[in-house]
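# A look at the structure
One letter stands for each residue in the lines below.
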Amino acid sequence: MKRLRGESDYLSCSCLDDETDRAFIGTSGGDVFILNIAMNPPNFMHTLELDKPVAAMAIAREQVFVAHGDCISVMSLQAHGQEAKTAKVASHRVRHLRIEETDASILSVAVAPERDLLFGGYSDGSVAVWKSGESEALMVLKAHQCDAAQLVWVESPPWGPSLFTGGGDGKVTAWHLAGGSEDYFLWRPQGVASEDLASQAGAAIFGAGIGDGADPFAPAFGNSGDVFRMDNPRVNPNALRRDDESDSDNDIADAFR
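Structure report, in brief. (Residues numbered from 1 in each chain as written. Predicted model: local features only at pLDDT ≥ 70, side-chain atom pairs only at ≥ 80, totals over all residues. Heavy atoms only, no water.)

## Topic: the overall build of the chain
Counting its regular elements, the chain contains three helices and 16 strands. Long-range contacts, defined here as pairs at least 24 residues apart, represent 40% of the contacts in the chain between residues at least 6 apart. With an accessible surface of roughly 13800 Å², the chain has 50% of that area assigned to carbon and sulfur atoms. (Helix = DSSP H or I, 4+ residues; strand = E, 2+ residues; numbered from the N terminus. Contact = heavy atoms within 4.5 Å. Areas by Shrake-Rupley, 256 points an atom, 1.4 Å probe, with all protein chains shown as cover.)

Take a look at the structure:
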């Protein structure tokens, strides 16, 4: 406790690297303590300093995924005794989630290493999905009314492949995820001809090769073939907007004057 930054700080979460007998412990002050738990009492080894309170952590593929503030930072997982060489290798955010307006913060994280997918749950009930190597989310689900506080990825049948989300609304929801890692990538409208956009829309957001109109998530995608309709709760419509577009309706009204 003496390593906490202030008297009001506290230990917020933990993650176990059982192969090397190390524990990663997050704090509300934005630190991650790395402890050697091969002995009792545990031996302190290193501190990772982050800028926001740490809410959750996960380890996969020689990387530590740290959910803090409004993002997930990816840290390299160094060998035992080399913790001081730990460095940030990537950061994942949701640019169009409007964190500043809703005061939403990230609460949970889960990794699907077999599919190169990363999941983050937010305090407004949203669940973001990232593809490995992409800093911007490819999809944002409105999973719960508030606090997507728990995320668990299950790869194997009979429960999987599914993402289980637990929310502050008292619900646990299973999202079935079909297809492989090549079926998911960030949709970019640049360079797509307008006459081809409609025919490519379904494949663009989830990738080609799904086949037979099957969606990667169940329940059904709003029971509609129009995946880009504005009232669709499964897709963040702001993510389809270009950076130079305005939020104002006056742009449309002025076009008819």
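## Brief notes about the sheet that holds strand β1 (residues 11-17)
Paired through backbone hydrogen bonds, the strands of a sheet run either parallel or antiparallel to each other. The four strands are arranged β1-β2-β3-β4 in an open sheet whose pairing can be described as antiparallel. Each end of this open sheet is capped by a strand with a single partner; those strands are β1 and β4 (43-49). When strand polarity is set aside, the average angle formed by the axes of neighbouring strands in this sheet is 20°. With five bridges connecting them, strand β2 (residues 22-27) and strand β3 (residues 31-36) associate as antiparallel partners. (Pairing = 2+ DSSP bridges. Axes fitted to C-alpha atoms, helices over the stretch in contact; angles between N-to-C directions.)

## With respect to the state of the cysteines
The full count for this structure, using the stated rule, is zero disulfides. Left unpaired, C13 is separated from the closest cysteine sulfur, that of C15, by 8.4 Å. Relative accessible area serves as the criterion here: at 13%, C15 is assigned to the buried category. (Disulfide = S-S within 2.5 Å. Buried < 20%, exposed > 50% of the residue type's maximum accessible area, 1.4 Å probe, protein only.)

## Structural notes on the packing of aromatic side chains
For the coordinates displayed, the defined rule picks out three aromatic pairs. Here F119 and W153 contribute two aromatic rings whose centre-to-centre distance is 5.7 Å and whose plane-to-plane angle is 20°, an arrangement assigned as stacked. Separated by 34 residues along the polypeptide, F119 in strand β10 (residues 117-122) and W153 in strand β13 (residues 148-154) bring together distant segments of the chain. The exposure class assigned to F119 is buried, which follows from its relative accessible area of 0%. Aromatic side chains W159 and F164 sit 6.0 Å apart centroid to centroid with 65° between the ring planes, which places their arrangement in the edge-to-face category. Assessed through its relative accessible area of 61%, W159 is described here as exposed. The aromatic ring of F44 is capped on one face by R3, whose charged end is 3.5 Å from the ring centroid. (Phe/Tyr/Trp six-rings, centres within 6.5 Å; stacked < 30°, edge-to-face > 60°. Lys NZ or Arg CZ within 6 Å of the ring centre and 35° of its normal.)

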